[in-house]
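# Survey of secondary and tertiary structure
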Amino acid sequence: MTYAITQTCCTDATCVAVCPVNCIHPTPQEREFGSTEMLHIDPTTCIGCGACADACPVDAIFPVDGLPAAQQEYAEINSAYYEGKATDDEPDGPNFHVWDEPSFPRVLPSDFAPLKVAVVGTGPAGMYAVRDLLLHTSAEVTLIDRLPVAGGLIRHGVAPDHPATKKVGETFARFHTHPRVRMHLGLDVGTDITAQELAAHHDAVIYAVGAAADRTLAVPGEDLPGTVSARSFVAWYNAHPDAAPDAVDLSAERVVVVGNGNVALDVARILLADPDELARTDIADHALAALRASKVREVVLLGRRGPEDAAYTASELIALKHLPGVELIVDDHDPRIAAAIDEAGPKDKAAVLRGVTRSRPTLAEPPAAGRRIVLRFHCTPLEVEGQGGVRAVRVSEASGERAIRTGLVLRAIGYRGVPVAGLPFDEATGTVPHEGGRVTGRPGTYVVGWIKRGPSGGIGANRTCAAETVTTLLADAVAGALPAPERAPKAFHRLARRRNREVVDARGLAAIERAEVTRGERDGRPRVKLATVDELVSTARRSRRGVLR
């Protein structure tokens, strides 16, 4: 029985490590690793043991014979990856896996005193770093987040209708209560405490703060009411405390999304998904209510380039093709679009659009009946038009300029890092300058994740990114290059409490978890999120008094 890797693949390569026959590629040791959208199982060598499925943190691996109709394409995608690839002869012996030479790059000498490390950020990048430190060393970790709840991208970035992807959070959550971890949630480095104070109490500090800003269109009218960043929209439907419940107006019949990456597909899918289906997820209550009352019937995704260069992954596009009750259309306004799809090879991204309806919808008038997503390639926004609110988007294409009627524009053209207090910053790349994760000119200070490499790569990409940073940190420790801390970590814990009386610890986080899950059980949902800082903090504080509702 052959297995296949499907849509939710996070590419962190946990499956590679447990495969006894080396049938999952690319591996972290191969050049292609990190450049492919997903990992692939070779159907000719898979022995169907299921070890990979058991190890997968996001439930992305299934027997080919059991794939539902909407995921049958993944059997072909896995198989196609190996077409034309040279395969090494299988080694002799009962164990068919070609193992690498043993390597222990993230281990300290046994007589090395435990390091005191602070990690700022509880998203995947920070938690992969925490995991490495706890599993490979005797380090003691101070875990900090600006918000009074942990999770980062897992909690506030992954779409609610992707519950399997969120399961990787369970892997990280087991480290929240680790005996060598002290947690300070709701503590803002740069406001409550300074970067210098944090460094003075620890041997090293790792910043995993992500990319908290948006790229802009740089076109007239971009600041009109009714123009919203996709980052803000995602935060709104994911109950991020920074997002106001009334931040999004869904009274327009057509929404224009500028961009065609995975985030663009996420927001298009959520806008048109059946609210009754979303009601079975952890979507924010206020977003669910707004989507039930929504007038949106059509979402138009604008891409500057053709389908062969679209930023989304093939797996997310496949999912969009099977969205119940929603028609997917390729706007056939430019002859280059059909040519790119028809001439695409089996491994090309544009080939996924073969068989999708092509038409030329009228976008200057209200949308026709039904619900649809329109992919409009070779289309560049020139101006957001309107007075006091969005009325249209003027675009440039091969045939000239035209206006697309809309009342809501979502910018989904990428995220951008913001300066971190006390650290150098590269304005051109939106990242902190570093060497292997070591912040340039700041001994004992490190970065990981999007603030290190820019906003690229999914959840699993942070595993190798964190491994590099932790390896650099430990090498500096062995070399004696870490500044000696001026104060003990216990003094930092007292300082944090003095600066912010509402800091949430591991016990408070557990109380938040129980409260959200309990609320969800009442409504038949995995959880009902607490959406404000006040709700989160008050729930955490009730745990100290033993009162949970």
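In short, a report on the structure. Along every chain, residues carry numbers that run from 1 in the direction the sequence is written. Since the coordinates come from a predicted model, pLDDT governs what is reported: local features require at least 70, and pairs of side-chain atoms require 80 or more to be given and counted, while whole-chain, interface and lining totals use all residues. Note that water and hydrogens are dropped before the side-chain values are worked out from all heavy atoms of the structure.

### Section: the sheet that holds strand E17 (residues 392-397)
In this scheme, strands are said to pair when DSSP sees at least two bridges between them. Secondary structure elements follow DSSP: runs of H or I no shorter than four residues count as helices, runs of E no shorter than two count as strands, and numbering proceeds from the N terminus. If you trace the three strands from one edge of the open sheet to the other, you get E16-E17-E18, paired in antiparallel fashion. The two strands at the open ends of the sheet, each matched to only one other strand, are strand E16 (380-385) and strand E18 (400-405). The average undirected angle you get between the axes of adjacent strands in this sheet is 25 degrees. When E16 meets E17, the two strands line up antiparallel, connected through five bridges. Counted as the bridge partner of Pro381 is Val395 from E17. Helix axes are fitted only over the stretch in contact, all axes being lines through C-alpha atoms; the angle between N-to-C directions runs from 0 to 180 degrees.

### Focus on unusual backbone geometry
Omega for the peptide link from His25 to Pro26 comes to -5 degrees, which places this bond in the cis form. Assignment of secondary structure puts Pro26 in the loop between strand E2 (24-25) and strand E3 (40-41). The backbone phi angle of Asn22 is positive, close to 55 degrees, even though this residue is not glycine. Structurally, the position occupied by Asn22 is in the loop between helix H1 (14-18) and E2.

### Overview of helix H3 (residues 73-81)
Among the residues making up H3, those that are buried are Tyr74, Asn78, Ala80 and Tyr81. One side of H3 carries all its buried residues, which in axial view fall inside an arc of 165 degrees. Note on contacts: a residue pair qualifies if any of its non-hydrogen atoms lie within 4.5 Å across the two residues. Contact partners of the buried residues in H3: strand E1 (3-5), E2, E3 and helix H13 (314-321). Partly exposed residues are those whose accessible area sits between 20% and 50% of the maximum for their type, while under 20% is buried and over 50% is exposed, using a 1.4 Å probe and protein chains only. Starting at the helix axis, one direction is taken to each C-beta atom, and the arc is that of these directions.

### Some points on the packing of aromatic side chains
Two rings belonging to Phe, Tyr or Trp (six-membered ring only in the last case) form a pair when the distance between their centres is within 6.5 Å. Interplanar angles under 30 degrees mark stacking, angles over 60 mark edge-to-face geometry, and anything in between is tilted. Enumeration according to the criterion identifies five aromatic pairs in this entry. Arranged with centres 5.4 Å apart and planes meeting at 90 degrees, the rings of Phe233 and Tyr237 form a pair that is edge-to-face. Taken as a pair, Phe233 and Tyr237 lie in helix H9 (residues 230-237) at a separation of four residues, close to a single helical turn. No difference in accessibility class separates Phe233 from Tyr237, as the two residues are buried. Summarising the aromatic geometry, the rings of Tyr415 and Trp450 are spaced 5.7 Å apart at their centres and angled 65 degrees between planes, so their arrangement reads as edge-to-face. With Tyr415 in strand E20 (residues 415-416) and Trp450 in helix H15 (residues 450-453), this pair connects stretches of sequence that are 35 residues apart. Exposure remark for Trp450: the relative accessible area of 18% places this residue in the buried category.

### A short note on the environment of Val374
By the secondary structure assignment, Val374 is in strand E15 (residues 372-376). Along the primary structure Val374 and Arg360 are separated by 14 residues, whereas in three dimensions their C-alpha atoms are 9.6 Å apart. With sequence-adjacent residues up to four places away left out, Val374 is seen in contact with Glu298, Val299, Val300, Leu301, Ile329, Asp331 and Pro361.

### Some remarks on the pairing of strand E8 (residues 204-207)
The alternating pattern of E8 places Ala204 and Ile206 on one face and Val205 and Tyr207 on the opposite face, and all of these are buried. With four bridges connecting them, strand E5 (residues 116-120) and E8 associate as parallel partners. Each bridged residue has a counterpart across the sheet, and for Val117 the counterpart in E8 is Ala204. Alignment of E8 against strand E23 (residues 445-447), held across three bridges, turns out to be parallel. The residue of E23 that forms the bridge with Val205 is Thr445.

### Points about the pattern of salt bridges
Salt bridge, as used here, is a side-chain nitrogen of Lys or Arg placed within 4 Å of a carboxyl oxygen of Asp or Glu. Counted under the stated rule, the structure contains 35 salt bridges. Put simply, Arg297 and Glu253 hold a salt bridge, and the shortest N to O gap is 2.9 Å. With Arg297 in the loop between helix H12 (285-292) and strand E12 (298-302) and Glu253 in the loop between H9 and strand E11 (254-258), this residue pair connects regions lying 44 residues apart in the sequence. By relative accessible area, Arg297 is classed as partly exposed at 22%. For Glu401, the salt bridge goes to Arg394, with nearest N and O atoms at 2.6 Å.

### Topic: a positive patch on the surface
Residues enter patches when they are more than 30% accessible in relative terms and free of salt bridges; like-charged ones are connected within 9 Å and nonpolar ones (Val, Leu, Ile, Met, Phe, Trp, Tyr) within 5 Å. What sets the accessible areas is the Shrake-Rupley method with a 1.4 Å probe; for residues, cover comes only from the shown protein chains. In summary, the charge assignment counts Lys and Arg as positive and Asp and Glu as negative, without counting His or the chain termini. Taken as the charge location is NZ of Lys, CZ of Arg, CG of Asp or CD of Glu. Residues Arg182, Arg487, Lys490, Arg494, Arg498 and Arg501 make up a contiguous surface patch of positive charge. The element that contributes the greatest number of residues to the positive patch is helix H17 (residues 489-499), accounting for three residues. Along the polypeptide, Arg498 turns up in helix H17. Arg498 gets classed as exposed once you look at its relative accessible area, which sits at 55%.

### Looking at the pairing of E12
Within a regular beta strand, the side chains point alternately toward one face of the sheet and then the other, so they alternate between its two faces. Within E12, five of the five residues are buried, leaving the element largely enclosed by the surrounding structure. In E12, alternate side chains face the same way, and those of Glu298, Val300 and Leu302 on one face and Val299 and Leu301 on the other are all buried. One ladder, built from five bridges, connects E11 with E12; its direction is parallel. Counterpart to Val255 in the pairing with E12 is Val299. In this sheet, E15 lies alongside E12 in parallel orientation, the contact comprising five bridges. Of the residues in E15, the one forming a bridge with Leu301 is Leu375.

### Description of the sheet that holds E12
The strand order across the open sheet formed by seven strands is E10-E19-E11-E12-E15-E13-E14, and the pairing between neighbours is parallel. The open sheet has two edge strands with one neighbour each: strand E10 (227-229) and strand E14 (357-359). If you compare each strand with its neighbour and ignore which way they point, the axes differ by 25 degrees on average. Across four bridges, the pairing between strand E13 (residues 327-331) and E15 is parallel. Following the sheet pairing, Leu328 is matched in E15 by Ile373.

### Quick notes on the nonpolar core
Side-chain atoms within 4.5 Å are what join buried Ala, Val, Leu, Ile, Met, Phe, Trp, Tyr and Cys residues into a set we call a nonpolar core. If you look at the biggest cluster of nonpolar residues, it comprises 119 residues, and the most contacted ones within it are Ile24, Tyr237 and Ile373. Here Ile24 is in contact with Ile5, Cys15, Val16, Cys19, Leu39, His40, Ile41, Cys52 and Tyr82, once residues within four sequence places are set aside. Counting 21 residues, the second-largest nonpolar core is a separate cluster that includes Ala118, Val447, Phe492 and Leu495.

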